[in-house]
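Summary of the model geometry
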Amino acid sequence: MFNTIEIIKNFYTQFSSNDNVLIVINADPDAIASSMAVKRLLWHKVASVSISNINVIKRPDNLAMIKLLGVNLLYTDDVNVNNYNRFVMVDSQPNHSESFAKYNFDAIIDHHPLTDANAPFMDIRINYGATSSIMTEYLIESQINPSPKLATALFYGIKTDTRNFERNATIDDVKAFQFLFKYANLHLAKKIEHADIRLDFLKYFKIALDTMCMKGKKIFAHLGEVQNPDVCVIIADFFMRIISVQWSIVSGVYEEKLIIIFRNDGIRKNAGKIAKTLFDQYGSAGGHKSMARAEIFLKYIDNKNVLEWITSKMEIITPKKSTPLKSIFNP
């Protein structure tokens, strides 16, 4: 059990009234919502609070969330670190990206598996489905009723990171969701949720259908070079809707790295552990039981056939017999 009241007291001791705080995130719905909650918690307690994203935001739902909820973000390259003396990270940990290296974090709040993160204040709850759930508890224990926009952000953050409570959700996530339901604007949440595919992403669905293959109940696809790795996430999630699929592994090349997105049903194997075991040596890899990601330096791929290389590495969970799906569609 977490004593949230004591945790919040400890959190507040990290700040003083003349502090200029920068919240640094790898922007996605859970991270954006959690950063908004931290900003609300520090309102009138510090001199200023800004939110900075290390990633270029292109996913339609993220862009819709930022626009509809009026979230002000500063891209990391446009931030003068010298203007701030306190740094907070939510929904991530320092070794998740090289872009975090220029910051010395005073507080880290996250729900991902603990790495070698270190900060004066740390609240890492790996059994929670979303950091938004943790931040909702902070608001509740601080006796703060969230505004409709903040409640909608946290509401949507929990929905996305638990995939509507289909994965990694606990009773704590449910309680947070129930609390937020009273304050959230459900119309705004629905508008954000339905803005998930860009028109220029459609071409990647054709590539996926042309390249995909199956091994047992695992589906693989390689998209080649992608303009945004989020399209790999969208297609991996799409393939999990096929009734016979237990694993979906979709890859693409972005900024001189091979990005591999893993999804599974969360029943038999742990996607995060398998991704880390098989691919961490080539770059970075990890995640949760039903979702994971690997980023691999291209020098390890060389001139290999990407699909063959990935499927061969994953023989640990995959029977050797494979069936190209395009032959099913075009017998």
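Given the structure is predicted, the values throughout are model-derived calculations rather than measurements.

With that out of the way, let us pick up the sheet that holds strand β1 (residues 20-25). Reading across from one edge, β3-β2-β1-β4-β5-β6 is the order of the 6 strands in this open sheet, with parallel pairing throughout. Unpaired on one side and paired on the other, β3 (74-75) and β6 (121-124) mark the two borders of the sheet. Those strands touched by helix α1 (residues 4-12) are β5 (107-110) and β6, and its axis lies near 145° from that of β6.

Another point: helix α11 (residues 306-313). Among the residues of α11, those classed as buried are V306, L307, W309, I310 and T311. Where α11 begins, one side-chain oxygen reaches toward the backbone nitrogen of L307, 3.1 Å away; that side chain belongs to N305.

All right, on to the side chain of S52 then. Locating S52 in the fold gives a position in strand β2 (residues 48-53). The class for S52 is buried, based on a relative accessible area of 0%. Ignoring sequence-local partners within four residues, the contact set of S52 consists of L22, I23, V24, I25, L74, Y75, T76, V79 and Y103.

Quick look at the side chain of R263 now. With respect to the element layout, R263 can be found in strand β10 (residues 257-264). A distance of 2.7 Å separates the side chain of R263 from the side chain of D237, its partner in a polar contact. What R263 contacts, discounting residues up to four positions off in sequence, is R163, R167, V233, A236, D237, M240, Q246, W247, S248, S290, M291 and A292.

This next bit is on the environment of M291. Within the secondary structure, M291 sits in strand β12 (residues 291-297). A C-alpha to C-alpha distance of 21 Å links M291 and M89, two positions 202 residues apart in sequence. Apart from the residues lying within four places of it in its own chain, the contact partners of M291 are R167, F262, R263, A271 and G272.

What counts as what
- Residues numbered from 1 in each chain as written.
- Predicted model: local features only at pLDDT ≥ 70, side-chain atom pairs only at ≥ 80, totals over all residues.
- Heavy atoms only, no water.
- Pairing = 2+ DSSP bridges.
- Helix = DSSP H or I, 4+ residues; strand = E, 2+ residues; numbered from the N terminus.
- Contact = heavy atoms within 4.5 Å.
- Axes fitted to C-alpha atoms, helices over the stretch in contact; angles between N-to-C directions.
- Buried < 20%, exposed > 50% of the residue type's maximum accessible area, 1.4 Å probe, protein only.
- Polar contact = N/O pair within 3.5 Å; in protein donor to acceptor, adjacent residues only side chain to side chain.

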